[in-house]
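Here's the letter readout for the chains.
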Amino acid sequence: VLNHFLHNIYYKYISKGYKNALKALKLIDFNFNLEIDDARHSLKKDNIKYNYVFLDAFTPTKCPCLWTIDFLKLLYEHLEDDGMILTYSNSAQVRNAFINAGFCVGKIYSEDYKKFTGTIVVKNKSNLDNLIADHKNNISVKISELSEYDLGLIKTKAGIFYRDENLSLDNEIIIKAHELEVQNSNLMSSSKFIKEYKKLNKDTKLL
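What you see is a predicted model, and the numbers here were worked out from it, not measured in a lab.

## Quick word on the sheet that holds strand S5 (residues 141-145)
Phase 1: Read from one edge to the other, the open sheet built from five strands follows the order S1-S2-S4-S3-S5, with strand pairing classed as mixed. The sheet is open, and its two edges are formed by strand S1 (50-55) and S5, each paired on a single side. Pairs of neighbouring strands in the sheet enclose a mean axial angle of 25 degrees, with direction left out of account.
Phase 2: Of the strand pairs in this sheet, strand S3 (residues 104-110) and strand S4 (residues 115-122) are connected by seven bridges, and their pairing is antiparallel. Residue pairing for S4: Cys-104 is matched across the bridge by Val-122.
Phase 3: Where helix H5 (residues 69-78) meets the sheet, it contacts S1 and strand S2 (79-87), and its direction lies at approximately 135 degrees from that of S2.
Phase 4: Lying on the sheet, helix H6 (residues 92-100) is in contact with S1, S2, S3 and S4; it crosses S3 at an angle near 145 degrees.

Below, the structure is given as structure tokens:
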């Protein structure tokens, strides 16, 4: 039940299956403190190391301040060595930010939905390898490394991540700076990469 709950981290599960989630929680002894504040400020002032982080900060275009490489570096500092971060996001931008923040990045596939439903990150490659092995025979959830396609997409303009060096910028400022960086970038566009990848890999699924 715990594994089922942990890996259903996307909105569909929360909105349509919240009763199942509540049942799972009843089987687990959870103690938590609710803090209503800017997550950047909260993390900067605490010294806690976390085992699990569920990053569910709306979409990057709506709340970029919690998807910047700088915020993810802060999460890295607050994560236990054998801890993990789970998020619903599959974007090249987010995955690239995680990689550049020092994480090892994998992806989650749902057999029920027949698609990738999130990203999982850890601090040590061996932990990711263990997770992949542990879920090899799982009938509902698979964990795997990023594919050649995923890594290629990360190297395009789609992989350019948000920045907030002092962890204090407003979302609007972060977005405008990102737009300017993308405009001035010499990287290949994601659409061109996808088109070329399809030509070279006609019999290979993109994801």
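## Thoughts on the packing of aromatic side chains
Phase 1: Scanning the model with the defined rule gives seven aromatic pairs in all.
Phase 2: Ring geometry for Tyr-109 against Phe-116: centres 5.0 Å apart, planes inclined by 70 degrees, an arrangement best described as edge-to-face.
Phase 3: Phe-116 gets classed as buried once you look at its relative accessible area, which sits at 16%.
Phase 4: Here the aromatic cluster, defined as three or more aromatic residues joined through ring pairs, consists of Tyr-76, Phe-98 and Phe-103.
Phase 5: One residue, Lys-107, lies across the ring of Phe-116, its end atom 4.2 Å from the ring centre.
Phase 6: Over the ring of Tyr-76 we find Lys-123; its NZ or CZ atom is 4.4 Å from the centre of that ring.

## Comments concerning the pattern of salt bridges
Note on pairing: side chains with opposite charge can pair once their charged atoms come close.
Phase 1: Summed over all chains, the structure comprises 11 salt bridges.
Phase 2: Put simply, Glu-145 and Lys-125 hold a salt bridge, and the shortest N to O gap is 3.7 Å. Within this pair, whereas Glu-145 is found in strand S5, its partner Lys-125 is found in helix H7 (residues 125-134), the two being separated by 20 residues in sequence.
Phase 3: Residue class for Glu-145 comes out partly exposed when judged on its relative accessible area of 41%.
Phase 4: Among the residues examined, Lys-125 registers a relative accessible area of 37% and is labelled partly exposed.
Phase 5: When salt bridges with common partners are traced through the structure, they connect Glu-35, Asp-37 and Lys-45 into a single cluster.

## What to know about the side chain of Thr-156
Phase 1: In this fold, Thr-156 is placed in the loop between helix H8 (148-154) and helix H9 (171-184).
Phase 2: Once residues within four sequence positions are removed from consideration, Thr-156 is found in contact with Leu-187, Met-188, Ser-189, Ser-190 and Phe-193.

## Digging into the nonpolar core
Phase 1: Counting residues in each nonpolar core, the largest one holds 34 residues, and the members touching the most others are Leu-55, Phe-71, Leu-72, Leu-75, Ile-85, Phe-98 and Phe-103.
Phase 2: Mapped by element, the contributors of at least two residues to this core are S1, H5, S2, H6, H8 and helix H10 (190-200).
Phase 3: The element contributing the most residues to this core is H5, with five residues.
Phase 4: Those residues in contact with Phe-103 that sit more than four places away from it in its chain are Leu-72, Leu-75, Tyr-76, Leu-79, Ile-85, Phe-98, Val-121, Val-122 and Lys-123.
Phase 5: Formed by nine residues, the second largest nonpolar core is a distinct cluster that contains Met-84, Leu-86, Ile-120 and Ile-143.

## Side note on unusual backbone geometry
Leaving glycine aside, a negative phi is the common case for residues, and trans is the common case for peptide bonds.
Phase 1: Located in the positive-phi region is Lys-114, a residue other than glycine, with phi close to 55 degrees.
Phase 2: Tracing the backbone shows Lys-114 in the loop between S3 and S4.
Phase 3: One non-glycine residue with positive phi stands out, namely Leu-167, at about 55 degrees.

Rules used in this analysis
Residues numbered from 1 in each chain as written. Predicted model: local features only at pLDDT ≥ 70, side-chain atom pairs only at ≥ 80, totals over all residues. Heavy atoms only, no water. Pairing = 2+ DSSP bridges. Helix = DSSP H or I, 4+ residues; strand = E, 2+ residues; numbered from the N terminus. Axes fitted to C-alpha atoms, helices over the stretch in contact; angles between N-to-C directions. Contact = heavy atoms within 4.5 Å. Phe/Tyr/Trp six-rings, centres within 6.5 Å; stacked < 30°, edge-to-face > 60°. Buried < 20%, exposed > 50% of the residue type's maximum accessible area, 1.4 Å probe, protein only. Lys NZ or Arg CZ within 6 Å of the ring centre and 35° of its normal. Salt bridge = Lys/Arg side-chain N within 4 Å of Asp/Glu carboxyl O. Core = buried A, V, L, I, M, F, W, Y, C linked by side-chain atoms within 4.5 Å.

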